[in-house]
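# Understanding the architecture of this molecule
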Amino acid sequence: MRSITFGIVGIVAVAAALLLASRLVIFPAFGDPDAILVPIIQTSVVDSLSGGLPLRAYTERCGLTVGAAVDIEALRNDSLYQATLAREFDMLTPENAMKFRELSPELGQYDFSDADLLVDFARSHDMQVRGHTLVWHQGLPRWLQTGDFTPAALESILLRHIHTLVGRYQGQITLWDVVNEAVDFDGEFRDTLWMRAMGKDYIEIAFWAAHQADPDARLFYSDYDNEALNAKSDAIYNLMKDLLARGVPVDGVAFHLHVGLNDTPNWSDVQRNIQRLQDLGLEVQITEMDVRIQDGNLPLMEKLAQQSTIYGTAATICLQSAACTSFSIWGFTDRYTWIPNQTGNPDFPLLFDVNYQPKPAYTSVRDALRACCTLDGGARCSN
Ligand code: G3I
C-alpha cells in the first residue's frame, strides 16, 4: 500500500515538475489534449513586460494606432479586460455593438446603450473608436431580412441608418468601416440585399451618406482575403480607383487579416497591394487580425512561436509603409474570440492568453513597434 502511495505521489510530482518546466498550465474547458495546454503567465509577464512598455506607448512615435475589437459583455463585466485594454491599445472597434442587428432589433427603434458604453470607455481612456460597420450583408435585424421592402424603401432605410448612427457619434468616432465585404473571391460584387436593391451604386450612396453625416470622419472600405494580389483585391483596387476618380469620399481600405498558421497571404504581395493603394492616395489599415493555431499537429509551443512570427511580420509590413495607419486585432485575449464559435474547435488566436498574460505574439508586435524608427529609413518615425 505504502509503495503504491509513493508511486502515485512520485508520478504526480514528476507530472507537476514537467508542467512547470514547460511553463504550461492546464486549461480545463477543452477536450483536445494539445489545445488544453495554455502558455503560462507569471514568468512570461516578467519576461515580456520588463523589456518594454505597453503597445500604445509606441504609437505616437510610430505614427499609427494599435487597436482591438471589443466584446461588449467583457467590457461591461470583466475588470481585468478593461485594465488590459486601456493599458495596451489606443483604438477600439466594437466587435458587434454597432451592427445594425444589435442597434435596431425592432423596426424604427434604436438602442445605443452598448455602443455608448464603448464610446464612453474610449473617451475616458484617450482612445479612438473605429466605427464598425455601416453596411454589411450580415448582422442585419430580422425585420430587415424578412421584410418585403421595395428598392426605394431599402435605400431610404440604409440612408436613415447611416445618418442616425454616424450623426450620433459625429466628432467622437474618427473613422468608419462604411462598406464591409462587398466583393466576392472572383472579383464580382457580392449578391446581397443592398446589391439587389440598388446595384453597386449602394456603395457610393453609403460613402456619401456617411460623409454628409460627419464630414471629418475618415471613411474605409473593409474586406477579408484582400490583403495580397488576387481577383478580389484587384476588384477592390479598381473600385477604389473608380470611386476616387468620381470624387466619392473614400479615405482608405481595411484588410481584416483573419489568418491561420497554414493560411497566410504572400507577404510580398501584401506589400505590393499596400503600395498600389498608397499610390491612389489611400490609407491602409489592418483591422481584424487574428492567427488561428488549431490546424496541424505541431507541439503547442511551436505553434505559438509560428503565430508570433506571423504577427511580427504583419506588424512590420504595416510599419514599413507610410500608408498603413493602424494595426488592430479582432479581440486581444484568447478568453474572448469568435474563432471557436466559427470553427467548432478551441483556439488561441490573439496576443494575450486566457489569463491576460502576454504571449510570444505580443512580444513580436511590440518588438516591431519598438523598431519602427529603423524601418523605411525612419520616415514614419516622429522622434
Ligand atoms: O447577441 C446574441 C445573443 O443574444 C444570443 O444569445 C447568442 C446565441 O447565439 O447570439 C448572440 O449573437 C451573436 C453575436 O456574434 C454576439 O456573440 C451572433 O449570433 C453571432 O452571429 C455574432 O457573430 C459575430 C459575427 O461577426 C456576425 O456579426 C462575431 O461575434 C464577430 O466576431 C464577427 O465579426 C466579423 C466582422 O464584423 C467583419 N469581419 C469578419 C468578422 C468575423 O466574422
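Residues numbered from 1 in each chain as written. Predicted model: local features only at pLDDT ≥ 70, side-chain atom pairs only at ≥ 80, totals over all residues. Heavy atoms only, no water.

## So, the overall build of the chain
Along its length, the chain carries 16 helices and eleven strands. The proportion of buried residues among the 383 residues of the chain is 52%. Relative to all contacts within the chain whose residues are 6 or more apart in sequence, the contacts with residues 24 or more apart total 76%. Carbon and sulfur atoms make up 53% of the accessible area of the chain, which totals about 16,400 Å². (Helix = DSSP H or I, 4+ residues; strand = E, 2+ residues; numbered from the N terminus. Buried < 20%, exposed > 50% of the residue type's maximum accessible area, 1.4 Å probe, protein only. Contact = heavy atoms within 4.5 Å. Areas by Shrake-Rupley, 256 points an atom, 1.4 Å probe, with all protein chains shown as cover.)

## Re the site of the ligand
E95, K99, H132, E288 and W330 are the nearest of the 13 residues found near the ligand. A distance of 3.5 Å separates a nitrogen atom of the ligand from a polar atom in the side chain of H256. E288 has a polar side-chain atom sitting 2.7 Å from a nitrogen atom of the ligand. In isolation the ligand exposes 800 Å². Once the protein is present, 51% of that is buried. Looking at the shell around the ligand residue by residue, the classes come out as three nonpolar, five polar and five charged. (Near = heavy atom within 4 Å. Polar contact = N/O pair within 3.5 Å; in protein donor to acceptor, adjacent residues only side chain to side chain. Nonpolar A, V, L, I, M, F, W, Y, C, P; charged D, E, K, R; others polar.)

## Describing the nonpolar core
If you look at the biggest cluster of nonpolar residues, it comprises 110 residues, and the most contacted ones within it are L85 and F327. Counting residues per element, this core draws most heavily on helix α14 (residues 300-320), which supplies nine residues. (Core = buried A, V, L, I, M, F, W, Y, C linked by side-chain atoms within 4.5 Å.)

## Examining unusual backbone geometry
Of all residues except glycine, most have a negative phi; of all peptide bonds, most are trans. The step from H132 to T133 runs through a cis peptide bond, and the omega angle for that step is -5°. Topologically, T133 is positioned in strand β5 (residues 128-135). The phi angle at E181 is positive, at roughly 60°, despite the residue not being glycine. Mapped onto the elements of the fold, E181 is located in the loop between β6 (175-180) and α10 (193-198). Residue Y356 is not a glycine yet carries a positive backbone phi of 65°. Structurally, the position occupied by Y356 is in the loop between α15 (339-343) and α16 (360-370).

## What to know about the pattern of salt bridges
Inspection of every chain in the model, using the stated rule, returns 18 salt bridges. Its salt-bridge partner being D223, residue K232 comes within 3.0 Å of it at the nearest N-O pair. Ionic pairing is found between R276 and D234, a salt bridge with its closest N-O pair at 3.0 Å. Of this pair, R276 sits in helix α13 (residues 267-279) while D234 is found in helix α12 (residues 231-245), placing the two residues 42 residues apart along the sequence. The class of R276 is buried, set by a relative accessible area of 18%. Members of the salt-bridge network, linked through shared partners, are E73, R76 and D114. (Salt bridge = Lys/Arg side-chain N within 4 Å of Asp/Glu carboxyl O.)

## Quick word on the packing of aromatic side chains
Throughout the structure, instances matching the rule amount to eleven aromatic pairs. Each ring, one from Y81 and one from Y336, has its centre 5.4 Å from the other, and the planes form 80°; the classification is edge-to-face. In this pair, Y81 is assigned in helix α5 (residues 79-88) and Y336 in the loop between β11 (324-329) and α15, connecting sequence segments 255 residues apart. A relative accessible area of 25% means that Y336 is categorised as partly exposed. Among the aromatic residues, those joined into a ring-pair cluster are Y81, F89, F332, Y336, F352, Y356 and Y362. One cation-aromatic arrangement involves R130 over F220; the distance from NZ or CZ to the ring centre is 4.9 Å. (Phe/Tyr/Trp six-rings, centres within 6.5 Å; stacked < 30°, edge-to-face > 60°. Lys NZ or Arg CZ within 6 Å of the ring centre and 35° of its normal.)

## Concerning the environment of C324
When you line up the elements, C324 lands in strand β11. Assessed through its relative accessible area of 0%, C324 is described here as buried. Linking C324 and T65, residues 259 residues apart in sequence, is a C-alpha distance of 9.6 Å. The residues touching C324, leaving out its near neighbours within four places in the chain, are L64, V284, C318 and R380.

## Considerations on the confidence of the model for the chain
Scored by pLDDT, the chain has a mean of 89; 86% of the residues are at 70 or more. pLDDT under 50 marks residues 1-50. Its contacts with residues more than four places away, or in other chains, come to 59 contacts. (pLDDT = per-residue confidence, 0-100.)

## Re the state of the cysteines
The final tally for this structure, using the stated rule, is three disulfides. Two residues, C318 and C324, share a disulfide whose sulfurs are 2.1 Å apart. Here C318 and C324 share a disulfide; its torsion about the S-S bond, -95°, makes the bridge left-handed. Each member of the pair C318 and C324 is classed as buried. Between C373 and C381 runs a disulfide, and the two sulfur atoms are separated by 1.7 Å. Judged by the torsion about the S-S bond (50°), the C373/C381 disulfide is right-handed. Of the residues examined, C381 reaches a relative accessible area of 16% and is grouped as buried. By sequence-ordered numbering of the bonded cysteines, the chain has its disulfides arranged as 1-4, 2-3, 5-6. (Disulfide = S-S within 2.5 Å.)

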